[in-house]
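# Topology and contacts: notes
Residues per chain are reported as follows:
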Amino acid sequence: MTSGGYGAAYSIKAVSQATGLTVETLRAWERRYRVVAPRRAAGGHRLYSAVDVERLRRLQEVTRLGHPIGQVAQLADADLDRLLAERDADRSQGDAARALAQRILTSVERYRPDDCDQAVAMAFALLPVPDVIRRVLSPVLREVGDRWHRGDFTIAQEHMVSSSIRRRIGALLNTFNGSARGSGVVFATLGGEQHELGILMFAALAASRSLRAFYLGPDLPPEDIADYARRVDAAAVAVSLVTPSSIELSLRQLGTLRDGLPPEVEIWIGGAACGGVAPEDFPPGSVLMSGCADFETRINLLVAPAPHR
Ligand code: B12
């Protein structure tokens, strides 16, 4: 990249202060990536133009977002601005998510199921499914659970929000599955595990990515899950382990599930109770997932077109 006009000129120290980049970084970026080409004063000192400073500020902001300098150094200013605009959009989505989460909580406080349904529906209408899960529903459910524990919410209030979320995701699954193509994944919880919202959310996420999501619900015998998965020719079975006191039972059932599935069918496992289990205690072909990012990677692999042979 080259420098712009020859108006005001700034020393490397001034540029360092203006951009937050150290003098060493400025020199290194110039030497290795030619991000700008400042003129030299008679004594050999660098003189940066205002255009240089603007470009360096953009690059500093973009690298702070996690983009390696080697990958962005040659991008045009417009492309750098696009990356920064994505960050701003992400921030405003964060604000929207917080506002929606608050709306849901207020509706629960006031016993207003219609408001709750509406706020949950709005979250799915306004935000991408992973953001609804990460930024709206997970924090809301955690908060509802904590308040229920403290005695601030009744079981009925907890059920009010759980059912609202279940209904909305159920409707979404119907819509998405109508246009799904290719492989399918079966979603369920094993016998004794009644916490279904985690796995339900991941079913919605899979469906939103064009995977066929077969949602069976909570508390199923492993033999039945395996039989169903074979009949629908599923590529994977996803289960959720949430209750730590059920973990021994769940591990035994995972073994039964494994025995009932063809070897190429993976078992995807997530949920808070997995943390206490050694990876080797899970049956072969298990894929442990810590959250949305792991899950999305796996889905992308499944929906990716097969390589040409
Ligand atoms: C709602 C709820 C219930 C409802 C469930 C209703 C339903 N339809 O799901 C009911 C009333 C049935 C229930 C029952 C019980 N519950 Co409860 N429950 C909750 C509560 C309030 C919310 C759970 C929830 O849905 N969270 C939201 C989801 C999205 O979170 P999640 O399930 O953890 O999933 C996240 C991750 O774990 C992960 N994940 C989960 N599954 C998967 C799967 C895959 C493939 C992937 C990639 C990721 C993943 O991603 C999710 C998003 O971040 C929590 C409290 C809380 N603060 O979370 C307690 C909680 C989970 N329950 C608890 C307990 C103890 C019980 C009971 C044993 C209570 C009792 N004495 O009867 C029973 C157990 C029933 C059983 N055997 O399963 C404890 C668990 C103990 C622990 N961790 O130490 C909690 C944490 C409450 C507490 N603070 O003590 N519960």
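Let me sum up the structure you'll find in this document.

Each value, and the rule that gives it
- Residues numbered from 1 in each chain as written.
- Predicted model: local features only at pLDDT ≥ 70, side-chain atom pairs only at ≥ 80, totals over all residues.
- Helix = DSSP H or I, 4+ residues; strand = E, 2+ residues; numbered from the N terminus.
- Rg over C-alpha atoms; globule rule 2.2 N^0.38 Å.
- Buried ≥ 20, exposed ≤ 12 C-beta atoms within 10 Å, placed from the backbone.
- Contact = placed C-beta atoms within 7 Å.
- Pairing = 2+ DSSP bridges.
- Axes fitted to C-alpha atoms, helices over the stretch in contact; angles between N-to-C directions.
- Near = placed C-beta within 6 Å.
- Nonpolar A, V, L, I, M, F, W, Y, C, P; charged D, E, K, R; others polar.
- Domains from an automatic or database assignment.
- Expected span 1.5 Å × (residues − 1).
- Arc of directions from axis to C-beta.

### Some words on the overall build of the chain
Along the chain, the regular secondary structure elements total twelve helices and seven strands. Expected size for 309 residues packed as a compact globule is a radius of gyration near 19 Å; at 26 Å, the chain overshoots this value by more than 25%. Among the 309 residues that make up the chain, the fraction classed as buried is 33%. For the chain, contacts bridging at least 24 residues in sequence account for 69% of all contacts bridging at least 6.

### Topic: the sheet that holds strand 5 (residues 236–240)
Spatially, the five strands line up as an open sheet ordered 4-3-5-6-7, and their pairing is parallel. Two strands in the sheet have a free side with no partner beyond their single neighbour: strand 4 (212–220) and strand 7 (286–288). If you compare each strand with its neighbour and ignore which way they point, the axes differ by 20° on average. With six bridges connecting them, strand 3 (residues 184–190) and strand 4 associate as parallel partners. Paired with Leu190 across the strands is Leu220, a residue of strand 4. Docked against the sheet, helix 9 (residues 197–208) engages strand 3, strand 4, strand 5 and strand 6 (266–270), running at close to 175° with respect to strand 3. Packed onto the sheet, helix 11 (residues 247–260) meets strand 3, strand 5 and strand 6 and runs at close to 160° relative to strand 6.

### With respect to the environment of Leu302
Along the chain, Leu302 turns up in helix 12 (residues 292–303). In this structure Leu302 comes out as partly exposed when scored by C-beta crowding, with 17 C-beta atoms within 10 Å. Here Leu302 is in contact with Ser183, Leu211 and Ala235, once residues within four sequence places are set aside.

### Observations concerning the site of the ligand
Around the ligand there are 33 residues in total, and Gly145, Leu197, Gly198, Ser240 and Gly270 lie nearest to it. Every element with two or more residues in the shell around the ligand is listed here: helix 7 (129–150), helix 8 (155–178), helix 9, strand 5 and strand 6. When residues in the shell around the ligand are grouped by element, the largest group, eight residues, is from helix 7. Looking at the shell around the ligand residue by residue, the class counts come to 14 nonpolar, 14 polar and five charged. The two domains that each donate at least three residues to the shell around the ligand are domain 2 (91–171) and domain 3 (181–303).

### Points about helix 8
Within an α-helix, residues lying three or four positions from one another point in the same direction, as the helix has 3.6 residues per turn. The terminal C-alpha atoms of helix 8 lie 34 Å apart, and with 24 residues this matches the ideal 34 Å at 1.5 Å per residue to within 8%. For helix 8, the elements touching its buried residues are helix 5 (77–109), helix 6 (113–126), helix 7, helix 9 and strand 4.

### Concerning helix 10 (residues 222–231)
All of the buried residues along helix 10 are Pro222, Ile225, Ala226 and Ala229. One side of helix 10 holds all its buried residues, which, seen down the axis, span an arc of 95°. Asp233 lies just past helix 10 and shows a positive phi near 60°.

The quantities given are spatial measurements derived from coordinates; they are silent on function.
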